[in-house]
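# Observations on chain architecture
Read off the chains here:
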Amino acid sequence: MSYSINGFHDFYTILSNERKIGGVIEAENIKLRTGEVFDYPVFTNIDYSGSVFYSVGFITDKGIRMIVHVNDISMITSPLHKKVAMVNNEYYKRLKMKEKLKYLKRLYKADQGAFTKPFLEEAKLIVEDIGVKPLENDQEIDQELIFKISNKVIKIA
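Here goes a summary of the coordinates provided. (Residues numbered from 1 in each chain as written. Predicted model: local features only at pLDDT ≥ 70, side-chain atom pairs only at ≥ 80, totals over all residues. Heavy atoms only, no water.)

For the rest of this paragraph, the subject is the layout of surface pockets. Of the pockets and cavities examined, the largest pocket occupies roughly 170 Å³. Listed by contribution, the elements that provide at least two residues to the lining of the largest pocket are helix H2 (18–21), helix H3 (90–111) and helix H4 (117–130). Per element, the largest residue contribution to the lining of the largest pocket is four residues, and it comes from H3. Partitioning the lining of the largest pocket into residue classes produces three nonpolar, no polar and six charged. (1 Å grid on protein atoms, 1.4 Å probe; cavity = no way out; pocket = protein on both sides within 12 Å on 5 of 7 lines; lining within 4 Å. Points joined across faces, edges and corners; volume = space filled by probe spheres on them. Helix = DSSP H or I, 4+ residues; strand = E, 2+ residues; numbered from the N terminus. Nonpolar A, V, L, I, M, F, W, Y, C, P; charged D, E, K, R; others polar.)

Written out as structure tokens, the structure is:
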């Protein structure tokens, strides 16, 4: 899954619905008005007032967190909505994988092995996002759950 992003409205929609749809927005690079170029930025926030977008937050491939005014952006190359497992920015990928894994473990504890429908839907979304590989040897998550979900999920990497 890699879907093209066509503007700041798409950025906002994806970022505000991340928990429901999963994935992240990553671009090939972003060039600022100053001439600085950052490879594989992952966009984490977009701010607006009324109908005017004014700042964008992103994390570079070196782990630098930046917030820039939209007027300071010269160019964003190939922004895509991707699954976390497909992200090229290794720094952000590790960060997001850890965060999603922690959230899945908390969900699993709260569900107490009942495998309710809302739990399975949310767990499936997380597994689709990070892939099955990071879960295979995890002792805190029941392998039955992984098997139940992985039958419906395409394995990534």
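Our focus in this paragraph is the sheet that holds strand E9 (residues 80–82). Spatially, E1-E9-E2-E5-E6-E7 is the arrangement adopted by the six strands of the open sheet, whose pairing is antiparallel. Every other strand in the sheet has two partners, leaving strand E1 (2–4) and strand E7 (65–69) as the edge strands with one partner each. Along the sheet, successive strands turn relative to each other by an average axial angle of 35 degrees, direction set aside. Of the pairings in the sheet, the one linking E1 to E9 comprises three bridges and is antiparallel in character. The partner of Tyr-3 across the bridge, within E9, is His-81. (Pairing = 2+ DSSP bridges. Axes fitted to C-alpha atoms, helices over the stretch in contact; angles between N-to-C directions.)

Here the focus is the pairing of strand E3 (residues 29–32). Direction of pairing for E3 relative to strand E4 (residues 37–39): antiparallel, over a ladder of three bridges. Opposite Asn-29, over in E4, you have Asp-39 as the bridge partner. In textbook terms, the turn of a hairpin is the stretch between consecutive antiparallel strands, and for E3 and E4 this stretch comprises four residues, one of which, Gly-35, has a positive phi near 100 degrees. Inspection of the sheet shows E3 paired to strand E8 (residues 73–77) by four bridges, in the antiparallel sense. In the sheet register, Lys-31 faces E8, and the bridge partner there is Met-75.

Here we come to the pattern of salt bridges. One pass over the structure, following the stated rule, counts eight salt bridges. As a salt-bridge pair, Lys-82 and Glu-26 come within 2.6 Å of each other at their nearest N and O atoms. In this pair, Lys-82 is assigned in strand E9 and Glu-26 in strand E2 (residues 24–26), connecting sequence segments 56 residues apart. Judged by its relative accessible area of 9%, Lys-82 is buried. Glu-26 sits in the buried class, given a relative accessible area of 1%. Notably, a salt bridge pairs Glu-128 with Lys-124, separated by 3.3 Å at the nearest N-O pair. One end of the pair is Glu-128 and the other is Lys-124, both in helix H4 and four residues apart, which spans about a single turn. For Glu-128, a relative accessible area of 21% corresponds to the partly exposed category. Via salt bridges that share partners, Glu-18, Lys-96, Glu-99, Lys-100 and Asp-129 belong to a single interconnected network. (Salt bridge = Lys/Arg side-chain N within 4 Å of Asp/Glu carboxyl O. Buried < 20%, exposed > 50% of the residue type's maximum accessible area, 1.4 Å probe, protein only.)

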